[in-house]
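Each chain is listed here by its residues.
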Amino acid sequence: MISGAASPSTDGPEFAEEASPAISATSVAARDAPGIAGDRCPANSGTLAVAYVDLLAADGLVGIVGQGSPGNAMSKESDLTKLTRASNLVTGLRKHFKPGEKLVVGGVQYTRDEIIALFEEHTAAIDDKRKRYAAYRAEVARERKLARRSLGLYLDLHAALGNHFGSVNLWRFGMKEHGKPGPKTLQSKLAGVQKRAKKRASK
């Protein structure tokens, strides 16, 4: 028998097979069946919060009956949490289930290897995302460095081309003449202060 009982956890619901009123007759009849003694099963350890486990001896299937986690439960989880959970789950499945052994989880039949493949694919996706994000950050840093260099050169070219062709001809290079600032009034100064404050608040 595969027992789903476990010690209380602060991370999720307690797993107490004796306290579950929904244990099926098949599970009760299979209490004395040989099988794997259940280790502590961490609460809320993934896509299922396992309440108890039934052994469906007639079909050679293991039925894990539990309540799925909310759809947004993983939205704030770190990659480390996801990788650790997947690794621990895959290790447990390989230890306690044989290759090709079938499980019914949430009314859907899977083989042990199909479940392992899903979590290994997720792990690979996380690794790929990390590599792509690192490459993205490197490209952002490279672009910013080039932007500083190109802006400095652009300003120098603006001055050089203006001296050579005259500022009125800067338009030939997509440039504009520097406007001559007029005298600032109290009203224009106040407008400038408000504009800068609004810009800082939007960041």
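Only a predicted model underlies this, so the values are computations on that prediction, with no experimental measurement involved.

Novice: So what's going on with the overall build of the protein? Residues and values would help.
Specialist: When you go through the protein residue by residue, the secondary structure sums to 4 helices and 4 strands. Contacts spanning at least 24 positions in sequence make up 53% of the contacts within the protein whose residues lie at least 6 apart. Carbon and sulfur atoms make up 58% of the accessible area of the protein, which amounts to about 15,000 Å² in all.

Novice: Give a description of the pattern of salt bridges that names residues and reports values.
Specialist: For side chains of opposite charge, pairing can occur when their charged atoms come near one another. Scanning the entire structure with this criterion turns up 7 salt bridges. Close ionic contact of Asp79 with Lys129 constitutes a salt bridge, the shortest N to O distance being 3.0 Å. A residue pair is termed long-range when its members are at least 10 positions apart, and Asp79 in helix H2 (residues 79–96) and Lys129 in helix H3 (residues 112–165) qualify at 50 residues. Relative accessible area serves as the criterion here: at 16%, Asp79 is assigned to the buried category.

Novice: Can you lay out the nonpolar core for me, pointing to particular residues and giving the numbers?
Specialist: Ranked by size, the top nonpolar core spans 9 residues in total: Ala86, Val90, Leu93, Phe97, Leu103, Val105, Ile115, Ile116 and Phe119. Looking at this core, the elements that each hand over two or more residues are H2, strand E3 (102–105) and H3. The contact partners of Leu93, leaving out residues within four places of it in the chain, are Arg112, Ile115 and Ile116.

Novice: Outline H3, listing residues and values.
Specialist: Here H3 spans 76 Å end to end across 54 residues, near enough to the 80 Å set by a 1.5 Å rise per residue. Within H3 the residues assigned to the buried category are Arg112, Ile115, Ile116, Phe119, Ile126, His158, Leu161 and Gly162. Elements that come into contact with the buried residues of H3 comprise H2, E3 and strand E4 (108–111).

Novice: A description of the side chain of Arg112 should follow, citing residues and the corresponding values.
Specialist: Position of Arg112 relative to the elements: it lies in helix H3. Apart from residues no more than four positions distant in its own chain, Arg112 is found in contact with Leu93, Arg94, Phe97, Lys98, Pro99, Glu101 and Leu103.

Novice: Tell me about the packing of aromatic side chains, and name the residues and values.
Specialist: Scanning all chains against the criterion turns up 2 aromatic pairs. Here the aromatic rings of Tyr133 and Tyr136 are separated by 6.2 Å at their centres, their planes lie at 25°, and the arrangement is stacked. Residue Tyr133 and its partner Tyr136 are located together in helix H3, separated by 3 residues, close to a single helical turn. On the basis of relative accessibility, which here comes to 51%, the residue Tyr136 falls in the exposed class.

Novice: So what's going on with a positive patch on the surface? Residues and values would help.
Specialist: A cluster of basic residues, Lys184, Lys189, Lys195, Arg196, Lys199, Arg200 and Lys203, forms a positive patch on the protein surface. Given a relative accessible area of 48%, Arg196 falls into the partly exposed group.

Novice: Give a description of H2 that names residues and reports values.
Specialist: Look at H2: 26 Å from first C-alpha to last across 18 residues, which is about the 26 Å you get at 1.5 Å a residue. Along H2, the residues that are buried comprise Asp79, Lys82, Leu83, Arg85, Ala86, Val90 and Leu93. Summarising the axial view, the buried residues of H2 lie within an arc of 165°, below the 170-degree limit, and thus occupy one face. For H2, exposure combined with an orientation more than 90 degrees from the buried face picks out Leu80, Asn88 and Lys95.

Novice: Give a detailed account of the confidence of the model for the protein, specifying residues and quantitative values.
Specialist: On average, residues of the protein carry a pLDDT of 73, and 62% of them reach 70 or more. In this model, residues 1–61 is a region of pLDDT below 50 whose contacts with residues beyond four sequence positions or in other chains number 94 contacts.

Novice: I'd like to hear about the pairing of E3, residue by residue, with values.
Specialist: Going residue by residue along E3, you find Leu103 and Val105 tucked away on one face and Lys102 and Val104 left uncovered on the opposite face. Pairing of E3 with E4, which is carried by 4 bridges, proceeds in the antiparallel orientation. Across the sheet, residue Val105 finds its bridge partner in E4, namely Val108. Between the antiparallel neighbours E3 and E4 lie 2 residues, among them Gly106 with a positive phi of about 60°.

Novice: So what about the packing of H2 against H3? Which residues, and what values?
Specialist: Running from N to C, H2 and H3 point in directions that differ by 155°, and their axes come no closer than 10 Å. Considering the angle they form, H2 stands roughly antiparallel to H3. Once H2 is placed against H3, the crossing between them reads as left-handed. Listed contacts from H3 to Asp79, Leu80, Lys82, Leu83, Ala86, Leu89, Val90, Leu93 and Arg94 of H2 are Arg112, Ile115, Ile116, Phe119, Glu120, His122, Thr123, Ile126, Asp127, Lys129 and Arg130. Across the contact of H2 with H3, the residue classes tally to 10 nonpolar, 2 polar and 8 charged.

Calculation notes
Residues numbered from 1 in each chain as written. Predicted model: local features only at pLDDT ≥ 70, side-chain atom pairs only at ≥ 80, totals over all residues. Heavy atoms only, no water. Helix = DSSP H or I, 4+ residues; strand = E, 2+ residues; numbered from the N terminus. Contact = heavy atoms within 4.5 Å. Areas by Shrake-Rupley, 256 points an atom, 1.4 Å probe, with all protein chains shown as cover. Salt bridge = Lys/Arg side-chain N within 4 Å of Asp/Glu carboxyl O. Buried < 20%, exposed > 50% of the residue type's maximum accessible area, 1.4 Å probe, protein only. Core = buried A, V, L, I, M, F, W, Y, C linked by side-chain atoms within 4.5 Å. Expected span 1.5 Å × (residues − 1). Phe/Tyr/Trp six-rings, centres within 6.5 Å; stacked < 30°, edge-to-face > 60°. Patch = residues over 30% accessible without salt bridge, like charges linked within 9 Å, V, L, I, M, F, W, Y side chains within 5 Å. Lys, Arg positive; Asp, Glu negative; His and termini not counted. Charge placed at Lys NZ, Arg CZ, Asp CG, Glu CD. Arc of directions from axis to C-beta. pLDDT = per-residue confidence, 0-100. Pairing = 2+ DSSP bridges. Axes fitted to C-alpha atoms, helices over the stretch in contact; angles between N-to-C directions. Parallel < 35°, antiparallel > 145°, perpendicular 65-115°, else oblique. Left-handed = near helix turned anticlockwise from the far one by under 90°. Nonpolar A, V, L, I, M, F, W, Y, C, P; charged D, E, K, R; others polar.

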